[in-house]
Every structure is written in C-alpha cells, then in structure tokens.
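# Structural characterization, general
Chain residues, written in single-letter form:
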Amino acid sequence: MVNFKPENNYICFLLDKLIRKYEVKGPYLDIGCGKGDFSLFFAKKGFEGKAIDISKEAIEKTKEKLKDVEIQVERKDVKDEEGEYNTIILFDILEHVPDSRALLQEAIKRLKREGTIIVSVPIGIKEWRWDDEVYGHYRRFEIEEITTLMEKEGCKILERWNYTFPIYWALRRLYIAMFN
C-alpha cells in the first residue's frame, strides 16, 4: 500500500464498495503483500486468506502487522502456491516484475472459477520519474494496456478506477521536485 494515509483510506473505501457491490468473498491470496496492509484490511472484514511475498523484509513487516489476526503469511513465490482462492489481490505488484503477463497468468491459475482478481498498477507512462526506479518499477501502464492484458488472460473487467488523479499526481510532482 502507498505511504500516504489519505490515499490508503480512499483505496480501502473503494475496496469496501467493490466487496459489497460484487459480493467479493474469501479466501483471498495477497500476492506481493508488501507490508500487509491489504491483508489486514481483508482480515478485518472477516476474510480468511494468505499473504505471500518473495521479500524477507516484506514478510517480516506483514507478520508484525498481522500478528493479531489469523492470516497465513509466507515467504513464497506465487509459482509455489498450491491453493485455490475466491479472491486474488495483485496490488502494485505487476510493475515490479520483468514479465507482468507471466505473473498474472500464475495468479489466475490460483483463482477459483467465477473468482475475483483485484489489480492495481501505476498508470501513465508519461508520469515515469526517478522514484519509479527507486521503488523497483520496471514499467508504468496505460489504462488500455492493462485492460488488454487482463482481457487476453480471460478476465472480465468489472470496474476501473484511477484513485490517484489529480490530487495525488500533483502531490507526487511536488515531492519529486523537492527531492530531485
């Protein structure tokens, strides 16, 4: 999850709407769980699930964040995950791998029929800045590009949101200018 609390709160508000509107259910698999923010959000909603990441540091942070909820947390590559899930979470992960399509395909293999996959990626190739490299991004996506990628893998797009424009883009540009 992003490091800007108002944006985090807004994302959770949108996720809550999504859960209610489409009757999203567990168990979930949070691939590339980072600090565990989304796993905690889903756990507080009563979902069972699992958080995985290949980063030892991320898993340590997630275990600490989820210490009071009963969610499995494992240092694991999605290729090694054998479970099947009603919901797959790929929040800000596809931009961190050389082959986004391969990761999406691996995620979909773990998705139950009629399941839900929730994807978030940084949008706007023209918005590429030095901080993308600092965060380990290989790419940014255009909306059409991520939509096409999802559809080619058999996903039906239910909703698309740009939760960062325009306020967060302006704040990011200010941040970039201050530290450039």
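Check the entry above for the structure.
Quick look at the structure, then. Residue numbers run consecutively from 1 along every chain, following the written order of its sequence. Under the rules for a predicted model, residues below a pLDDT of 70 receive no local features and side-chain atom pairs below 80 are neither given nor counted, while totals for whole chains, interfaces and linings still include all residues. Each side-chain value is derived from all of the structure's non-hydrogen atoms; neither hydrogens nor water enter the calculation.

## Quick notes on the overall build of the protein
- Here a helix means four or more residues in a row that DSSP labels H or I, a strand means two or more in a row labelled E, and each is numbered from the N terminus. Of regular secondary structure, the protein possesses 7 helices and 5 strands.
- Counting from the amino terminus, the protein carries its helices and strands in the arrangement α-β-α-β-α-β-β-α-β-α-α-α.
- Note that the radius of gyration is over C-alpha atoms, with the globule rule given as 2.2 Å times the number of residues to the power 0.38. Against the 2.2 N^0.38 benchmark of 16 Å for 180 residues, the protein shows a C-alpha radius of gyration of 16 Å, consistent with a compact globule.
- With the C-alpha coordinates of the protein rotated into their principal frame, the extents come out at 45 × 35 × 30 Å.
- Throughout, exposure labels follow a simple rule: accessible area from a 1.4 Å probe, protein chains only, divided by the maximum for the residue type, with under 20% read as buried, over 50% as exposed, and the rest as partly exposed. Counting only residues that meet the buried cut, the protein has 47% of its 180 residues in that class.
- Counting contacts in the protein only where the partners sit at least 6 residues apart, residues at least 24 apart contribute 63% of the total.
- Here Asp and Glu are counted as negative and Lys and Arg as positive; His is not counted, and neither are the chain ends. For the purpose of locating charges, the reference atoms are NZ of Lys, CZ of Arg, CG of Asp and CD of Glu. Once the 31 positive and 33 negative side-chain charges of the protein are each reduced to a mean point, those two points are 2 Å apart. Pairs of residues are marked as contacts when any of their non-hydrogen atoms sit within 4.5 Å.

## Some thoughts on the packing of aromatic side chains
- The rule is short: rings of Phe, Tyr and Trp, with Trp giving its six-membered ring, pair when the centres are within 6.5 Å, and they are stacked under 30 degrees, edge-to-face over 60, tilted in between. Taken as a whole and assessed by the stated rule, the structure comprises 5 aromatic pairs.
- With centroids separated by 6.1 Å and ring planes inclined at 20 degrees, the aromatic side chains of Y10 and F13 adopt a geometry described as stacked. Of this pair, Y10 and F13 are both found in helix 1 (residues 5-22), 3 residues apart, which corresponds to roughly one turn of the helix.
- Residue class for F13 comes out partly exposed when judged on its relative accessible area of 46%.
- For the ring pair F41 and F42, a centre distance of 5.5 Å and an interplane angle of 85 degrees mean the geometry is edge-to-face.

## Quick look at the environment of S39
- Turning to its location among the elements, S39 is positioned in helix 2 (residues 37-44).
- Remark: the alpha-carbon pair of S39 and L149, spanning 110 residues in sequence, is separated by 25 Å.
- A polar atom in the side chain of S39 sits 2.9 Å from the side chain of D30. A 3.5 Å cut-off defines polar contacts: any pair of N or O atoms within that distance qualifies, except that in protein one atom must be a possible hydrogen donor and the other a possible acceptor, and neighbouring residues in sequence count only when both atoms are side-chain atoms.

## Thoughts on the pattern of salt bridges
- Any carboxyl oxygen of Asp or Glu within 4 Å of a side-chain nitrogen of Lys or Arg constitutes a salt bridge here. Tallying each qualifying case throughout the model produces 15 salt bridges.
- Its salt-bridge partner being R129, residue E127 comes within 4.0 Å of it at the nearest N-O pair.
- With a relative accessible area of 6%, E127 lands in the buried category.
- Several salt bridges converge on common partners, so that one network encompasses K50, E74, K76 and E81.

## Side note on the nonpolar core
- Note on terminology: a nonpolar core comprises buried Ala, Val, Leu, Ile, Met, Phe, Trp, Tyr and Cys residues joined through side-chain atoms within 4.5 Å. Grouped together as the largest cluster of nonpolar side chains are 24 residues, with contacts concentrated most on L15, F42 and F91.
- Each residue touching F91, except ones within four places of it in the same chain, is listed here: I11, L15, F38, I118, S120 and Y163.
- Core analysis: the next-biggest nonpolar cluster, separate from the first, contains 22 residues, I52, L90, L94 and L104 among them.

## Some remarks on the environment of K61
- Along the polypeptide, K61 turns up in helix 3 (residues 56-65).
- On the basis of relative accessibility, which here comes to 41%, the residue K61 falls in the partly exposed class.
- Sequence separation of K61 and C33 is 28 residues, and the distance between their C-alpha atoms is 9.7 Å.

## Description of the packing of helix 1 against helix 2
- At a closest axis distance of 12 Å, the pairing of helix 1 and helix 2 adopts a crossing angle of 45 degrees. In this view, helix 1 runs oblique relative to helix 2, as classed from their interaxial angle. Of the two possible hands of crossing, helix 1 and helix 2 adopt the one that is right-handed. Contacts from I11, C12, L15, D16 and I19 of helix 1 reach helix 2 at F38, F41 and F42. In this analysis an axis means a line fitted to C-alpha atoms, helices contributing only their contacting stretch, and an angle means the value between N-to-C directions, from 0 to 180 degrees. Here the angle decides the label: under 35 degrees means roughly parallel, over 145 means roughly antiparallel, 65 to 115 means roughly perpendicular, and every other value means oblique. Handedness of a crossing is defined here by the sense of rotation of the near helix relative to the far one, left-handed for an anticlockwise turn of less than a right angle and right-handed for a clockwise turn.

## Considerations on the state of the cysteines
- When the sulfur atoms of two cysteines come within 2.5 Å, that pair is taken as a disulfide. This model, assessed by the stated rule, comprises 0 disulfides.
- With no disulfide of its own, C12 lies 15 Å from the sulfur of C33, the closest cysteine sulfur.
- Classification of C12 as buried rests on a relative accessible area of 18%.

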